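# Close look at the chain arrangement
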Amino acid sequence: FAPVFRSLLGWAFCDMFSCCGAPMEEFDAAVIPVVSKTTCTPVPPQTVALTVKISYALGLRKADFMGKSDPYVVVQVPNIMQTKVETHVKSGDLNPVWNCEFEVPGYKQGEDLVFKVLDKDPVSFDILGVITFPATSFQETGFDGEVLLEEAKGSKPYLKVSISGPTGKYPQEMAAASTFVVALTKPLGIELDATLSLVKVCKIAEGGSVSKHNSTAPQHLQIQLGDYVAAINGCIGKEAIKKAMEEASNAEMVIRPCVQTTVKVDTKGRALGLYLNYNETQPEITITSFKPDSPALNKLQPLDRIFAVDGVEQAKAMVDQLKRAQDLQSMSFKVKRAKPFPSSGPVDISSLTRIAKDDRGLLPQPINPISATALVQIYVRGQPFGGSDKSSSGHRYDTIPIANGMINAGMSCQLIHYVKEEHDTFLEVCKQFKAIVVRCNPGQIKADGGDQVKFDGAMRELRKLGIQVWPSPDVMEQMGAKDALVKVANLNIGLEDTLAYYTENEFAAGFKKTMAFQPRVIKQNRGSSGEGIWIVKLKQNNYCSSYGKRSCDNQEVLILMEANDNHAEEHTVAE
């Protein structure tokens, strides 16, 4: 267990700093719930109805010597066989689709669930992947999404799972998605308007693939005039979307539909203070921004498309009516705006490009939050799912749980992405929050074509304004590297044989001494995506009984396993 313990200690400790970020004195103790100690009679767990849906798996490994794999899925509460349910077998399929739904028999509130993907053989089975869901990950809101399976022996398979929440429904049934994805082929038969920051559908031609899609799709999945195109083939931003439209023969389009609503603004004889974009002959006008003293702030939004003011229609007539605001006590607007999503408020983030496909599993934002926070991520264009730390939604795997923890503590937590082309706009939006949680893996901003120094400078500017940034760039520089473990090696939470090497000679001397004592985990000083991490063991297993009792010689053979893809190599100590 020594290498496993050492690995867990290292990763958990470093994650503590990368998740929390700031030293403890920077946190407001008022947001930490305190539970008083009382004596009470324990209440036994209640049996509850829990439904799971197993949709599909992607990228399973080939387990059969003469074929592919014959996968099926087993679901149960750990170590309780009476709760076991399983799917049918999909023969010879590495991307199986099951679409099976079960109620877990005898499930008691608070119990975890384990999902195992197995390969069916006549006399045995191989494990293709495993994932365990703690009860806390689904008992409040349910769960719906793709998860990366563990114990997959070098492959990176995903399993699409849904778990019902307390209402008996899955998350996607409790709230309609704010985006949907459509796969199309050329000719698309669609024209886009990229005048403003959001790319709008302005024309749909008969006979194109968009028109054909709309003829068979349910209404909520049809592409309508005025809907926004958030991405094409993973490309975001209006210039990249336009280029993808021109060059790609096939287009996977992320569509953000619009909704129509009526907004009342109490003008009380004041000018509206709106900046507008319009053509006098068109049926709508678009709000681009507001003056600071505008009475329409927090009522209307940037990029709202107004198509009626006090019943008056057409752009020229509406503009004339807007000029009468100082003579009126209130005005009524009919507007079309991008469909809201759980992260869309309370702070207005509509000027930022929406990257994530959905926010499934995110709790509703508090009506009156004690503080407004944002969680910042980076989507690496050109990498599958936006990076190895992301699910198919575009969010990190830990994003929704972290945000839900903030929300449960009474704060709002909106999920936003940093897009390098929107740096200045991003900074202005962040100034509206009280705290920023930064969840960008080292190197990912650069991998997306951005400038880490420029991003760090923006975060330092926020701190100067009194906005908390967790972790701040300075904390990351001081404590974000793995050598933080060396600084605590002699504390109760440390291990004395944890060393950092900055020169070749230091490595030669220190590694031989530690390697002779116990299996090692060797990792680069910075980075948190799994790259550059090796689990190293002595092939002869001839470890000494205490640290420092001996050192390895150059000819001893090592077995090394790389933690990112689990491949193994053998080398001598000298090599």
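How each quantity is defined
Residues numbered from 1 in each chain as written. Predicted model: local features only at pLDDT ≥ 70, side-chain atom pairs only at ≥ 80, totals over all residues. Heavy atoms only, no water. Helix = DSSP H or I, 4+ residues; strand = E, 2+ residues; numbered from the N terminus. Buried < 20%, exposed > 50% of the residue type's maximum accessible area, 1.4 Å probe, protein only. Contact = heavy atoms within 4.5 Å. Areas by Shrake-Rupley, 256 points an atom, 1.4 Å probe, with all protein chains shown as cover. Pairing = 2+ DSSP bridges. Axes fitted to C-alpha atoms, helices over the stretch in contact; angles between N-to-C directions. pLDDT = per-residue confidence, 0-100. Polar contact = N/O pair within 3.5 Å; in protein donor to acceptor, adjacent residues only side chain to side chain. Parallel < 35°, antiparallel > 145°, perpendicular 65-115°, else oblique. Left-handed = near helix turned anticlockwise from the far one by under 90°. Nonpolar A, V, L, I, M, F, W, Y, C, P; charged D, E, K, R; others polar. Salt bridge = Lys/Arg side-chain N within 4 Å of Asp/Glu carboxyl O. Phe/Tyr/Trp six-rings, centres within 6.5 Å; stacked < 30°, edge-to-face > 60°. Core = buried A, V, L, I, M, F, W, Y, C linked by side-chain atoms within 4.5 Å.

## A closer look at the overall build of the protein
The helix and strand tally for the protein stands at 12 helices and 26 strands. Relative to its full complement of 575 residues, the protein shows a buried share of 45%. Contacts in the protein between residues far apart in sequence, at least 24 positions, make up 64% of those at least 6 positions apart. Element-wise, carbon and sulfur atoms account for 53% of the exposed surface of the protein, whose accessible area totals about 29,600 Å².

## Observations regarding the sheet that holds strand S14 (residues 258-265)
Read across the sheet, five strands follow the order S14-S18-S17-S16-S15 without closing on themselves; strand pairing throughout is antiparallel. Each edge of the open sheet carries a strand with a single partner, namely S14 and strand S15 (274-277). Here the average twist between neighbouring strands, direction ignored, is 40°. Inspection of the sheet shows S14 paired to strand S18 (residues 331-338) by eight bridges, in the antiparallel sense. Opposite lysine 264, over in S18, you have serine 332 as the bridge partner.

## With respect to the confidence of the model for the protein
Averaged over every residue, the pLDDT of the protein is 83; the share at 70 or more is 88%. pLDDT under 50 marks residues 1-40. Its contacts with residues more than four places away, or in other chains, come to 52 contacts.

## Brief notes about the side chain of arginine 354
Within the fold, arginine 354 resides in the loop between S18 and strand S19 (372-377). Using a relative accessible area of 8% as the deciding quantity, one classes arginine 354 as buried. At a separation of 3.2 Å, a polar atom in the side chain of arginine 354 contacts the side chain of aspartate 359.

## Re the side chain of arginine 337
Tracing the chain through its elements places arginine 337 in strand S18. The exposure class assigned to arginine 337 is buried, which follows from its relative accessible area of 13%. A distance of 3.4 Å separates a polar side-chain atom of arginine 337 from the backbone oxygen of lysine 299. Residues within four places of arginine 337 in sequence aside, it is in contact with Pro257, Cys258, Val259, Thr261, Val263, Lys299, Leu300, Gln301 and Asp304.

## Remarks on the sheet that holds strand S10 (residues 190-193)
Strand-to-strand pairing in sheets goes through backbone hydrogen bonds, with the strands running parallel or antiparallel. Taking strand neighbours across the sheet as the criterion, the five strands line up as S9-S13-S12-S11-S10 in an open arrangement whose pairing is antiparallel. The open sheet has two edge strands with one neighbour each: strand S9 (180-185) and S10. Strand-to-strand twist across the sheet, computed as the mean angle between neighbouring axes with direction ignored, equals 45°. As defined by bridge partners, strand S11 (residues 199-204) adjoins strand S12 (residues 228-232) across two bridges and the pair is classed as antiparallel. Residue pairing for S12: lysine 200 is matched across the bridge by tyrosine 228. Those strands touched by helix H4 (residues 238-247) are S10, S11 and S12, and its axis lies near 70° from that of S12.

## Focus on the packing of helix H7 (residues 423-430) against helix H9 (residues 452-464)
Remark: H7 packs on H9, axes separated minimally by 10 Å, with the N-to-C direction vectors making an angle of 25°. In this view, H7 runs roughly parallel relative to H9, as classed from their interaxial angle. For H7 against H9, the interelement crossing comes out right-handed. Facing H7, whose interface residues are His423, Phe426, Leu427 and Cys430, H9 presents Lys454, Phe455, Ala458, Met459, Glu461 and Leu462. Its residues placed into classes, the contact of H7 with H9 shows seven nonpolar, one polar and two charged.

## Section: the pairing of S11
As judged from the four bridges shared by S10 and S11, these two strands associate in the antiparallel manner. In the strand pairing of S11, leucine 192 is matched with valine 201. Taking the residues between adjacent antiparallel strands as the criterion, S10 and S11 are bridged by five residues.

## Things to note about the pattern of salt bridges
Inspection of every chain in the model, using the stated rule, returns 20 salt bridges. Here lysine 200 and glutamate 284 are joined by a salt bridge, their closest N and O atoms 3.1 Å apart. Here lysine 200 is found in strand S11, whereas its partner glutamate 284 is found in the loop between S15 and strand S16 (285-290), with 84 residues between them in sequence. Salt bridges sharing partners connect three or more residues here, namely Asp389, Lys390, Arg396, Asp398 and Arg439.

## Brief notes about helix H6 (residues 399-408)
Burial analysis of H6 places seven of its 10 residues in the buried class, the great majority of the element. Here H6 has its buried residues at Thr399, Ile400, Ile402, Ala403, Asn404, Met406 and Ile407.

## Details of the packing of aromatic side chains
Ring pairs (aromatic) are described by centroid distance and by the angle formed between their planes. Applying the stated rule across the entire model yields 10 aromatic pairs. Summarising the aromatic geometry, the rings of tyrosine 107 and phenylalanine 138 are spaced 6.4 Å apart at their centres and angled 50° between planes, so their arrangement reads as tilted. In this pair, tyrosine 107 is assigned in the loop between strand S4 (97-103) and strand S5 (113-120) and phenylalanine 138 in the loop between strand S6 (125-133) and strand S7 (143-148), connecting sequence segments 31 residues apart. Side by side, tyrosine 107 and phenylalanine 138 carry an identical accessibility label, which is buried. Centroid distance tyrosine 501 to phenylalanine 507: 5.1 Å. Interplanar angle 70°. Geometry classified as edge-to-face. According to the relative accessible area criterion, tyrosine 501 is partly exposed, its value standing at 27%. Taken together, Phe115, Phe133 and Phe143 form an aromatic cluster joined through their ring pairs.

## What to know about the nonpolar core
Among the nonpolar cores identified, the biggest contains 28 residues, and Leu113, Phe115, Phe133, Phe138, Leu159 and Ile163 are the most heavily contacted of them. If sequence neighbours within four positions are ignored, phenylalanine 115 has contacts with Val52, Ile54, Val73, Val74, Val75, Gly129, Val130, Ile131, Phe133, Leu159, Val161 and Ile163. If you look at the next biggest cluster of nonpolar residues, it comprises 25 residues, including Phe341, Ile445, Phe455 and Leu462.

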